[in-house]
Amino acid sequence: MTTVLEPPAASPLAGIRSLELEITGRCQLTCTHCLSESSPQASHGTMTPADWRAVITDAAALGIRTVQLIGGEPTVHPCWRDFTELALSLGLHVEVYSNLFHVAPDWWDVFTREGVTLGTSYYSDDPAEHDKITGRQGSHVRTRSHIREAITRGATVRAGIVDILPGQRVAEARAELESMGVKHINTDRVRAVGRAALPGQAPTLDEMCGRCTRGRAAILPNGNVAGCVLSRDFPAGNVRETPLAEVFGGAAWAELAASVPPLRANACPPDDSGDCDPANTEASDPAY
């Protein structure tokens, strides 16, 4: 993969501020709405550690400000800390979007680093309702405990709530997060992507929030480049075959950007992030 050191002033990358790196499809949970349909049995994909390092280096060279490590569960990838250190060394902001089901003691040193944000999803103040969504009993207790620990240790935490179940305790979940000291909270409706799609339902860009390609982009575990992780079914290139700058400067990316419907009233929230709501780093909104 070629590293582009000096993109031209008119580069389309001038408008891309955040890059979601879906470094794995593996996860300890099996959330009912998961966009990537991740699970404990899933793989890390075909992108190698060298591929991801090249993408991070290219992103910094192209003026992208933020990378978000997502999955699956990014912390199950053996190199996630190496990727974080590389990005920080290149002057990038890093968000680690974790389910916080498991946190090893030495990870707190990473989560509390300057330039690092810790993102997570939280679904309800009711443990049974939260666990029903994640597909794993005890996930609410562990995630809640680690959120409290993160706040206590001074980590910058943002949380996303996806409204999935009828009557879900979304307002109560927000109130509980606020009581724990979480200041950055976003909510989004569930999007018909991955497990949230109905049987036989074809993906459509109309289901997106309207921010795909607009200030953000995503790299999937197979190297495909998408407007965000939610629009994964509409790739515009692959970084294992084409340098990142060429993908963003190519006709396929321009066509994808032109085909994304305009922002709607209930679209993703402001650009303090960018993953559709929950994740909110500068991608689409929850990272789901």
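As a reminder, the structure under discussion sits directly above these lines.
Residues numbered from 1 in each chain as written. Predicted model: local features only at pLDDT ≥ 70, side-chain atom pairs only at ≥ 80, totals over all residues. Heavy atoms only, no water.

Chemist: Where do I start with the pattern of salt bridges in this structure?
Modeler: Two side chains bearing opposite charge may form a pair once their charged atoms approach each other closely. According to the stated counting rule, one finds 10 salt bridges in the structure shown. We note a salt bridge from Asp51 to Arg240, for which the minimum N-O separation is 3.1 Å. Of the two residues, Asp51 sits in helix α1 (residues 49-61) while Arg240 sits in the loop between β8 (225-226) and α7 (244-248), which places them 189 residues apart along the sequence. Its relative accessible area of 44% is what places Arg240 among the partly exposed residues. Here Asp106 and Arg81 are joined by a salt bridge, their closest N and O atoms 2.8 Å apart. Highlighted residues: Asp106 in the loop between β3 (93-97) and α3 (108-111) and Arg81 in helix α2 (residues 80-89), separated in sequence by 25 residues. Residue Arg81 is classed as partly exposed on the basis of its relative accessible area, which comes to 33%. Through salt bridges that share partners, Asp125, Arg169 and Glu172 make up one connected network. (Salt bridge = Lys/Arg side-chain N within 4 Å of Asp/Glu carboxyl O. Helix = DSSP H or I, 4+ residues; strand = E, 2+ residues; numbered from the N terminus. Buried < 20%, exposed > 50% of the residue type's maximum accessible area, 1.4 Å probe, protein only.)

Chemist: Is there a simple way to think about α1 in this case?
Modeler: Along an α-helix, residues three or four positions apart point the same way, because every turn accommodates 3.6 residues. In this model α1 runs 18 Å from its N-terminal to its C-terminal C-alpha over 13 residues, within 8% of the 18 Å that 1.5 Å per residue would give. Listed in full, the buried residues belonging to α1 are Asp51, Trp52, Ala54, Val55, Ile56, Asp58 and Ala59. The first or second residue beyond α1 is Gly63, which carries a positive phi of 90°. (Expected span 1.5 Å × (residues − 1).)

Chemist: What am I meant to see in the packing of aromatic side chains here?
Modeler: Two aromatic rings, taken as a pair, are described by how far apart their centres are and by the angle between their planes. Overall, the coordinates contain 4 aromatic pairs when judged by the stated rule. Centre to centre, the rings of Trp108 and Phe111 are 5.8 Å apart; their planes meet at 80°, and the pair counts as edge-to-face. In this pair, Trp108 and Phe111 are both assigned in helix α3, 3 residues apart and thus about one turn of the helix distant. Taken as a pair, Trp108 and Phe111 share a single burial class, namely buried. Ring-pair connections join several aromatic residues into one group, and the members of that group are Trp80, Trp107, Trp108 and Phe111. Over the face of the ring belonging to Phe101 we find Arg142, whose NZ or CZ atom lies 3.9 Å from the ring centre. (Phe/Tyr/Trp six-rings, centres within 6.5 Å; stacked < 30°, edge-to-face > 60°. Lys NZ or Arg CZ within 6 Å of the ring centre and 35° of its normal.)

Chemist: Explanation requested: unusual backbone geometry in the structure shown.
Modeler: Trans peptide bonds make up the majority, and among non-glycine residues the majority have a negative phi. Residue Gly72 follows Gly71 across a cis peptide bond; omega there is 20°. You can see Gly72 is positioned in the loop between β2 (66-70) and α2. Positive phi is not limited to glycine here, since Leu100 has a value of about 55°. Along the chain, Leu100 turns up in the loop between β3 and α3.

Chemist: Help me understand the pairing of strand β6 (residues 184-189), please; the structure alone is not making it clear to me.
Modeler: A regular strand places its side chains so that they alternate between the two faces of the sheet. Pairing of strand β5 (residues 156-163) with β6 involves 6 bridges; the strand directions are parallel. What sits directly across from Asp163, in β6, is Arg189. A crossover links β5 with its parallel partner β6, the connecting element being helix α6 (residues 170-180), and its sense is right-handed. (Pairing = 2+ DSSP bridges. Right-handed = clockwise from strand over helix to strand, strands pointing away.)

Chemist: Mind showing me how you'd approach the packing of helix α4 (residues 127-134) against helix α5 (residues 139-152) here?
Modeler: Running from N to C, α4 and α5 cross one another at 105°; their axes reach a closest spacing of 8 Å. In terms of orientation, α4 lies roughly perpendicular with respect to α5. Residue-level contacts link Pro127, His130, Asp131 and Thr134 of α4 to Ser139, His140 and Thr143 of α5. Within the contact of α4 with α5, the residues separate by chemical class into 1 nonpolar, 5 polar and 1 charged. (Axes fitted to C-alpha atoms, helices over the stretch in contact; angles between N-to-C directions. Parallel < 35°, antiparallel > 145°, perpendicular 65-115°, else oblique. Contact = heavy atoms within 4.5 Å. Nonpolar A, V, L, I, M, F, W, Y, C, P; charged D, E, K, R; others polar.)

Chemist: Just to check I follow, could you spell out the pairing of β5 for this structure?
Modeler: Counting buried residues in β5 gives 6 out of 8 residues, a clear majority hidden from the surface. Two elements, strand β4 (residues 116-121) and β5, share 5 bridges in a ladder whose sense is parallel. Across the sheet, Thr120 pairs through a bridge with Ala159, a residue of β5.

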